[in-house]
Amino acid sequence: MAIAVLLAVAAAGGVGAVSRHVLVEQVRLAAPDAPLAIGVVNVLGCLGFGVVAALASGRWPPVVTAALLSGFFGAFTTFSSFAHEGVELLARGRWLAFGLDVLGQNVLGMLGLAAGLWLGGVLRSAAG
């Protein structure tokens, strides 16, 4: 992999992460009692990912496409990449793979988070 691609992805990823943080904070300020912030980020990230993927397809240099899709949108929200994979599975008629992917990632992701919280608590208790 070319160093230029890695640097472009890293730089765009920094911008994506900062953009996500700023947007989440602004949504939370505007609607402090509603769990909207992550949903807003995920929907806007999916919209932006789709627009860029459609515009870039075969037309933009690979370094630009990687920077925007993997870098910016990858840091802004990984949900956009997950959604893109799902839509591609559906477009290829791979319904079972789509269902297993959606169910598996959501269930295993939540189980992983619960396990991580438990393990972190154990480690914190052990450390005193």
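Structure shown above.
I will try to describe carefully the structure that is included in this document.

### Focus: the side chain of Asp101
Its location among the elements puts Asp101 in helix α5 (residues 95–127). This buried residue, Asp101, is left without a salt bridge; Arg92 holds the nearest opposite charge, at 9.4 Å. Asp101 has contacts with Phe82, Glu85 and Leu89, leaving out every residue within four places of it along the chain.

### Re α5
Spacing of three or four residues puts side chains on the same side of an α-helix, whose turn is 3.6 residues. With 33 residues, α5 extends 47 Å between its outermost C-alpha atoms, agreeing within 8% with the 48 Å of an ideal straight helix rising 1.5 Å per residue. Residue Gly128 follows α5 closely and has a positive phi angle near 90 degrees.

### Concerning a nonpolar patch on the surface
On the surface, Leu44, Leu47, Val51, Leu55, Trp60 and Val64 cluster together to form a nonpolar patch covering roughly 500 Å² of accessible area. The element that contributes the greatest number of residues to the nonpolar patch is helix α2 (residues 37–56), accounting for 4 residues. Along the chain, the position of Val51 falls in helix α2.

### So, the nonpolar core
One finds Phe49, Leu69, Phe72, Phe73 and Phe76 to be the most contacted residues of the largest nonpolar core, which totals 13 residues. Within the residue set of this core, elements represented by two or more residues are α1 (3–30), α2 and α3 (62–76).

### So, the environment of Phe82
Tracing the backbone through its elements, the reader meets Phe82 in helix α4 (residues 79–91). Take Phe82: its relative accessible area is 16%, and that puts it in the buried class. Excluding anything up to four places from it in sequence, Phe82 contacts Asp101, Val102, Gln105 and Asn106.

### A word on the packing of aromatic side chains
By the definition in use, this model includes 4 aromatic pairs. Here the aromatic rings of Phe79 and Phe82 are separated by 5.7 Å at their centres, their planes lie at 55 degrees, and the arrangement is tilted. Taken together, the residues span about one helical turn, with Phe79 and Phe82 both in helix α4 at a distance of 3 residues. Judged by relative accessible area, Phe79 falls into the partly exposed class, the value being 37%. Three or more aromatic residues joined by ring pairs make a cluster, and in this case those are Phe49, Phe72, Phe73 and Phe76.

### Notes on the packing of α1 against α3
Close contact between α1 and α3 brings their axes to 6 Å; oriented N to C, the two are set at 35 degrees. Read as a crossing pair, α1 and α3 show a hand that is right-handed. Facing Ala4, Val5, Ala8, Val9, Ala12, Gly13, Val15, Gly16, Ala17, Ser19, Arg20 and Leu23 of α1, the residues of α3 in contact are Val63, Ala66, Ala67, Ser70, Gly71, Phe72, Ala75 and Phe76. A per-class count over the contact of α1 with α3 returns 14 nonpolar, 5 polar and 1 charged.

Calculation notes
Residues numbered from 1 in each chain as written. Predicted model: local features only at pLDDT ≥ 70, side-chain atom pairs only at ≥ 80, totals over all residues. Heavy atoms only, no water. Helix = DSSP H or I, 4+ residues; strand = E, 2+ residues; numbered from the N terminus. Buried < 20%, exposed > 50% of the residue type's maximum accessible area, 1.4 Å probe, protein only. Lys, Arg positive; Asp, Glu negative; His and termini not counted. Salt bridge = Lys/Arg side-chain N within 4 Å of Asp/Glu carboxyl O. Contact = heavy atoms within 4.5 Å. Expected span 1.5 Å × (residues − 1). Patch = residues over 30% accessible without salt bridge, like charges linked within 9 Å, V, L, I, M, F, W, Y side chains within 5 Å. Areas by Shrake-Rupley, 256 points an atom, 1.4 Å probe, with all protein chains shown as cover. Core = buried A, V, L, I, M, F, W, Y, C linked by side-chain atoms within 4.5 Å. Phe/Tyr/Trp six-rings, centres within 6.5 Å; stacked < 30°, edge-to-face > 60°. Axes fitted to C-alpha atoms, helices over the stretch in contact; angles between N-to-C directions. Left-handed = near helix turned anticlockwise from the far one by under 90°. Nonpolar A, V, L, I, M, F, W, Y, C, P; charged D, E, K, R; others polar.

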